[in-house]
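Listed here are the chains, written in short residue letters.
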Amino acid sequence: MTGTLLLGLLNAAAFMLCVSFVAYVTMIILPFLRHRPGAVGDGQEFSWHFVIPCLDEEAVITATVEHLVRTFPQTQLWCVDDGSTDATPKILAQLARRHRQVHVITRKLPAARSGKGPVLNVGWEAIVASLPAGIDTDRLIVGVLDADARLDTAALEVIAGPDYFADPDVGAVQIQVRVTSRPETSGTSRQPLLVRLQDLEFSGPIAAMQLLRRRSGSVGMGGNGQFTRLTTLNKIAATHGTPWHGALLEDFELGLHVLLSGSRTEYCHDAWVEQEGLPRLKALIRQRSRWAQGSMQCFRYLGPVLRSPSITTAGALEIAYFLFIPWSQLVGGLVYAASLLVMAYYAVVQPGGLDAWLSAGAWGVLPLFLLFGLAPFFVWGPIYRSRSANHVSRRKAVGLGVANWIYSYMHYAAVWWAFIRMVRVRHDWKKTVRVATGPVLMPSVGRTATVAGGFAPRRGDRLVVPARLRLDPLTLDPLMVDGLVLSATDQAS
């Protein structure tokens, strides 16, 4: 009798968790499907400064900076080298010599490699120190971009629109994030499955969550494609010393401070930034464990959020829900596992064994699983096909939906990894290694080009090959190689 009661309680708990999750998925899908693009603005009405954290970014930084310089000539780029040990410092120095809008800030150990927040604070300090007296900080926007970012060419005009920075109440804007394996395969069907699932996650469920948050007034900031008024950053710093703080989820933490300061955060689904996905599962779980741990660290803001007069009740409840997600995943993982173990035990030990257990009504679990377990994840496959610019067939959309359900279990592994780190009081972090997509060109006389980004090299340029990249000279165009100096990264001077 006790066992039957225990099984009933576990099943009831699992069922309630499933129902609440399905309800939340339904809530975020509706505004996502109904979204329509808004009006654009004039990007020239604002000053734009981009901060780019750089830690061992030799494989990607050249193409990113050249893309930004060419596409957004009105911007100032602040590249913060966080104690890189590869060719990144030399590449940045030559980029700064070539482009007047590129500024390099160098951090040294022991201050370096202490997290992304301190890097962004150094960039903010440099921007403030460079400004002339009397500048209108309301019209100066500080963007945060990853070293592998590709920013939508229309992004500045879009977020300068009436729904975003043209509204004086908006203090920060997060744009849509897309994921690809490498620039040359963007928008194609050649993406590895794990990378494609990351793109589905960011452009599907995460984007839908942000669109719901627009209505509740609780939009969260992301680590890439984040834009904030300098006035707002200065206001946070005046109260707390710096704009960014010590959580491993420093982007979400900043968004909370923006809301607590009385400004509004916004999400823009009509502009995007593209970043490199992780092709290996272990690296992905490590990345998500860092995010989960950062979310756990931000739980300390629950009280201030609930008490804040500047955050709506709906916004406070949505933020509370988000802060509880990693903890509910811990509990949910235990509940689901215990429920399955108990059911398996009774299926084996009762008279008639597994066949009797199934004939007694256990098959009723299957439709519940399809409705509450599989469907909330599967639905994003067809939605991804209909809403994204990627070319995905119906068959692949179905496969993506099923794969997304399997992919979701990765988060349980990540949250338990994060919890163990919390118990062990581990707050360090390991940099995500970039996947070299091709050789990187270091200019020999103040000039930069890159093969991966499509910039044509000229005679006299140095072609620097990252040490981890195996390059077959026979696969290179002889006209491209002619006149270039091939060398390994660790031999670059």
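Residues numbered from 1 in each chain as written. Predicted model: local features only at pLDDT ≥ 70, side-chain atom pairs only at ≥ 80, totals over all residues. Heavy atoms only, no water.

Before we move on, could you go through the nonpolar core and cite the residues and values that matter?
By size, the foremost hydrophobic cluster in this structure holds 65 residues, and its most contacted members are F252, I319 and W380. Residue contributions to this core peak at eight residues, all from helix α6 (residues 193–216). If you look at the next biggest cluster of nonpolar residues, it comprises 42 residues, including A59, V170, F202 and A271. (Core = buried A, V, L, I, M, F, W, Y, C linked by side-chain atoms within 4.5 Å. Buried < 20%, exposed > 50% of the residue type's maximum accessible area, 1.4 Å probe, protein only. Helix = DSSP H or I, 4+ residues; strand = E, 2+ residues; numbered from the N terminus.)

Any details on helix α15 (residues 394–408)? Residues and values, ideally.
The end-to-end C-alpha separation of α15 is 21 Å, in line with the 21 Å expected for 15 residues at 1.5 Å each. Within α15, burial applies to A397, L400, G401, A403, N404, Y407 and S408. (Expected span 1.5 Å × (residues − 1).)

Give a detailed account of the packing of aromatic side chains, specifying residues and quantitative values.
Enumeration according to the criterion identifies 13 aromatic pairs in this entry. Relative to W327, the ring of F299 has its centre 6.2 Å away and its plane inclined at 70 degrees; by these criteria the two rings are edge-to-face. Placement of F299 in the loop between α9 (281–297) and α10 (302–307) and of W327 in helix α11 (residues 313–349) is noted, with a sequence separation of 28 residues between them. For F299, a relative accessible area of 27% gives the class partly exposed. Between the aromatic rings of W405 and Y409, the centroid separation amounts to 5.8 Å while the plane-to-plane angle is 80 degrees, which identifies the pairing as edge-to-face. Take W405: its relative accessible area is 21%, and that puts it in the partly exposed class. An aromatic cluster of three or more residues is present, and its members are F46, W48, F50, F72, F165 and F227. Across the ring face of F46, the terminal group of R139 is positioned such that the distance to the ring centre comes to 5.1 Å. Positioned over the ring face of F322 is R213, at 4.9 Å from the centre of the ring. (Phe/Tyr/Trp six-rings, centres within 6.5 Å; stacked < 30°, edge-to-face > 60°. Lys NZ or Arg CZ within 6 Å of the ring centre and 35° of its normal.)

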